[in-house]
Amino acid sequence: MALVTLLNLIFAQIGSFFSMVLLVIQLGGSGGTYPIQLSNHFFEAIHPWLPMTYAVEGMRKTLMMYNNSAWLQAGVLIGVIAVLITVMWLFYSRRYVQLSQIDFENPKAVAATQNRLTQRMAKVAG
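Residue positions within a chain follow its written sequence, with the count starting from 1. Given that the model is predicted, a residue must reach a pLDDT of at least 70 before its local features are reported, and side-chain atom pairs must reach 80 or more before they are shown or counted; all residues, however, enter totals for whole chains, interfaces and linings. Only hydrogens and water are set aside; all other atoms, that is, all heavy atoms of the structure, feed into the side-chain values.

Engineer: Where do I start with the overall build of the chain in this structure?
Structural biologist: Assigned secondary structure in the chain consists of seven helices and zero strands. Under the scheme used here, helices are H or I runs from DSSP no shorter than 4 residues and strands are E runs no shorter than 2 residues, and both carry numbers assigned from the N terminus. Going from the N terminus to the C terminus, the chain shows its helices and strands as α-α-α-α-α-α-α. Taken over C-alpha atoms, the radius of gyration comes to 21 Å for the chain, far larger than the 14 Å a tight globule of 126 residues would show. In terms of principal-axis extent, the alpha carbons of the chain reach across some 65 × 25 × 25 Å. Buried, partly exposed and exposed residues are distinguished by accessible area as a fraction of the type maximum, computed with a 1.4 Å probe on protein chains only: under 20%, between the cut-offs, and over 50%, respectively. Expressed as a percentage of the 126 residues in the chain, the buried residues total 17%. Considering only residue pairs separated by 6 or more positions, the chain has 33% of its internal contacts joining residues 24 or more positions apart. The Shrake-Rupley method, run with a 1.4 Å probe, gives the accessible areas here. Residue values count only the displayed protein chains as cover. Accessible surface for the chain amounts to roughly 9700 Å². Of this, 69% is attributable to carbon and sulfur atoms. Side-chain charges in the chain split into 8 positive and 4 negative, and the spacing between the mean points of these groups amounts to 9 Å. Note on method: radius of gyration uses C-alpha positions; expected globular size equals 2.2 Å times residues raised to 0.38. The contact criterion used throughout is that any non-hydrogen atoms of two residues lie within 4.5 Å. Positive charges come from Lys and Arg, negative ones from Asp and Glu, while His and the chain ends are left out of the count. Charge positions are represented by NZ for Lys, CZ for Arg, CG for Asp and CD for Glu.

Engineer: Would you mind going over unusual backbone geometry with me for this structure?
Structural biologist: The general pattern is negative phi for most residues beyond glycine and trans for most peptide bonds. In this structure, Ala12 is a non-glycine residue whose phi angle is positive, near 55°. Its location among the elements puts Ala12 in the loop between α1 (2-11) and α2 (13-29). Of the residues examined, Ala12 reaches a relative accessible area of 48% and is grouped as partly exposed.

Take a look at the structure:
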């Protein structure tokens, strides 16, 4: 969810599309729905880099009591979340500086911060 949120923050509506593509790639490359050993080379190459891989392996180890530990998978997922939250924090801190410089008493300055859809909605409502 942190990755989807970050993609939506940075790329807006295109980020939603990237999230959907990433979901499809993770379904094939994580080994959750189809064994990775039987997949093609592309999925085998991206398998260790997908966050869902560690979620699937952690669930398997937890449910099957295999090796009695899923700490490695939990650690990798916590690390991924920490990195994504840090990037989101950097995005918001940069955005906060930009917003703090806007004079919200000036209608032209406020209109410059809005996208076209928001401007159209304001015209229809006003």
